[in-house]
Amino acid sequence: MPVVSIDQVASHVGKEITLRGWLYNLRESGKLIFPQFRDGTGVIQGVVSRTENPDAFQALSGLPQESSLEVTGLVRADARAPGGYEMQVTAVTIIQKITEPYPIQLKEHGVDFLLENRHLWIRTPRQAAILRIRDEAIFAAREYMHKQGYVLTDSPIFTPSSCEGTTNLFEVDYMDDRKAYLTQSGQLYVEATAAALGKVYCFGPAFRAERSKTRRHLTEFWMLEPEAAFARMDDMMALAEGLITHIIQSAVEHCPKELDTLKRDVKLLETVRPPFPRISYDEAIEILHKHGNPTPWGEDFGGDEETILSSEHGRPVIVHHFPSAIKAFYMQPDPQRPELALGFDILAPEGYGEIVGGGERISSYELLMERLRQNDLPEEPFRWYLDLRRFGSVPHSGFGLGLERTVAWITGAEHIREVIPFPRTIYRIYP
Ligand code: 4AD
Ligand code: MG
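The rules we used
- Residues numbered from 1 in each chain as written.
- Chains lettered and ligands numbered in written order.
- Predicted model: local features only at pLDDT ≥ 70, side-chain atom pairs only at ≥ 80, totals over all residues.
- Heavy atoms only, no water.
- 1 Å grid on protein atoms, 1.4 Å probe; cavity = no way out; pocket = protein on both sides within 12 Å on 5 of 7 lines; lining within 4 Å.
- Points joined across faces, edges and corners; volume = space filled by probe spheres on them.
- Helix = DSSP H or I, 4+ residues; strand = E, 2+ residues; numbered from the N terminus.
- Nonpolar A, V, L, I, M, F, W, Y, C, P; charged D, E, K, R; others polar.
- Domains from an automatic or database assignment.
- Buried < 20%, exposed > 50% of the residue type's maximum accessible area, 1.4 Å probe, protein only.
- Pairing = 2+ DSSP bridges.
- Core = buried A, V, L, I, M, F, W, Y, C linked by side-chain atoms within 4.5 Å.
- Near = heavy atom within 4 Å.
- Polar contact = N/O pair within 3.5 Å; in protein donor to acceptor, adjacent residues only side chain to side chain.
- Areas by Shrake-Rupley, 256 points an atom, 1.4 Å probe, with all protein chains shown as cover.
- Sits in = over half its atoms within 2 Å of the grid points.

> Give me the layout of surface pockets: which residues, what numbers.
Think of a ball as big as a water molecule: rolled over the atoms, this probe shows where empty space is left. In this structure, the largest pocket spans a volume of roughly 1,100 Å³. As for the largest pocket, its lining consists of 49 residues, of which Glu 164, Arg 208, Glu 210, Lys 327 and Glu 354 are closest to the centre. Among the secondary structure elements, those contributing two or more residues to the lining of the largest pocket are α5 (187-197), β11 (220-229), α10 (303-311), β14 (343-348), β15 (353-360), β16 (396-402) and α13 (403-411). In terms of residue class, the lining of the largest pocket is made up of 19 nonpolar, 16 polar and 14 charged. Roughly 730 Å³ of internal volume is contained in the second largest pocket. Among the elements of the structure, β2 (32-38), β3 (43-49), α4 (125-147) and α7 (256-261) are those that each provide at least two residues to the lining of the second largest pocket. Split by residue class, the lining of the second largest pocket holds 12 nonpolar, 8 polar and 8 charged. Residues from two domains meet in the lining of the second largest pocket; each of domain 1 (6-96) and domain 2 (119-419) gives at least three.

> Please set out the pairing of β16 residue by residue, giving values where relevant.
Of all 7 residues making up β16, 7 are buried, and the element is well covered by its neighbours. Here β16 shows two buried faces, one formed by His 396, Gly 398, Gly 400 and Gly 402 and the other by Ser 397, Phe 399 and Leu 401. Note that β11 and β16 share 5 bridges and pair antiparallel. Paired with Ala 228 across the bridge in β16 is Ser 397. Across 5 bridges, the pairing between β15 and β16 is antiparallel.

> So what about the nonpolar core? Which residues, and what values?
Within the largest apolar cluster, 53 residues are counted, with the highest numbers of intra-cluster contacts made by Leu 243, Ile 244, Phe 344, Ile 346, Phe 399 and Trp 409. When contributions to this core are tallied by element, the ones reaching two or more residues are α4, β10 (199-207), β11, α6 (233-254), β14, β15, β16 and α13. Broken down by element, the residue count for this core peaks at 11 residues, all from α6. Core analysis: the next-biggest nonpolar cluster, separate from the first, contains 21 residues, Ile 6, Phe 37, Leu 63 and Leu 69 among them.

> Can you lay out the site of ligand 1 for me, pointing to particular residues and giving the numbers?
Neighbouring residues of ligand 1: 23 residues in total, closest Glu 164, Gln 187, Arg 208, Glu 225 and Glu 354. Here a nitrogen atom of ligand 1 and a side-chain polar atom of Glu 164 are 2.6 Å apart. Here Tyr 330 contributes a side-chain N or O atom positioned 3.3 Å from a nitrogen atom of ligand 1. Calculation on ligand 1 without its partners gives an accessible area of 630 Å², and the protein chains cover 94% of this total. According to the grid-proximity analysis, the pocket containing ligand 1 is the largest pocket. Only β11, β15 and β16 provide two or more residues apiece to the shell around ligand 1.

Written out as structure tokens, the structure reads:
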């Protein structure tokens, strides 16, 4: 009997097949039982009659949810069945019959309980749909970067220094009494590989010991970071627009079933096309004041401000020219107004907040030295980074796209902890 995955049953209508998976649910009604099977690719309902298939009936009857099994049966198209197909079960082999109650029942559970059981929670259709969309987003992002001529150059996770401020660094004991830090961003390293290869990016985990409890913060998250020699801030805005659009449209095109499982309103995603509205930091402050938000010029934006700024448009919004004082040490000042940085953020709609941060980097050795001193950063661990300004320095720019915030937006997830298989937050490193 051919072993078929549930997402492929449509092409086996009228044939007998074997499925391998788990019992997801069971409804018993007298002489008939309706088991629902899942195999990771989908869920299908089966039907078993006591009179026609006593052995299969016996095996499934009272079987606890999430027991593992192999079932053989005839596939039928049935508009009334969830998913549109049904399996008339003829034979069942139980692989493991669960003997204790399965922790996650098919009812509402509190989020703490679900997070404590994340290793099991991911088996539910909603979580599985989110993880499939995450996979699609990663695939689409890498495909886009590759097609734009960007070379993937992985950056290290153990680093000797900070990149995004020293207040949220994770310090770890390294060999021989030395200290290392978990990377906050691969940016400094892709600046080096950009001088070697031109257009590059890294894509991996980043770590922030932030005590933020918001729905947008993890202590470990994934970031895609392009960097290009000779590129300016505008080039990076255009690249980010293209990348975001490709990720969103790929998910809409390739994950309709998953988006449907999540009840996501795809109309809000379909309209995402470049160019995105652009507003300067100065204009952003004016918009905030008009909305009764009193943020003074010179202060950074938080979730509330980001939501106001992005809610006027159904698309992401680019905010550029932030005050240098609130941005990282490496940002190139605007020659016209040196108190401003050639940096930009992209804010996702529907309250998902900043999904991209980037801009042009300081290419002058002297200015970079000055900024390291102003930021109380030690010179020694940045020696190699300073070398990039000593040996053939060129203007260059890049950005970082936060994967989880992007996927949270696509999936409509309430909190970004739902869109990474095993989230790490200030309170949780288990499971
Ligand atoms: O704005 P950030 O801190 O920028 C950088 O790290 C730059 N070095 C990137 C670069 O230019 N190469 O972070 C970039 C993005 C944010 O816009 C956000 O989407 C995400 O990374 N991010 C987080 N996501 C989840 N949890 C956190 N704690 C995050 N911090 C940043
Ligand atoms: Mg930022």
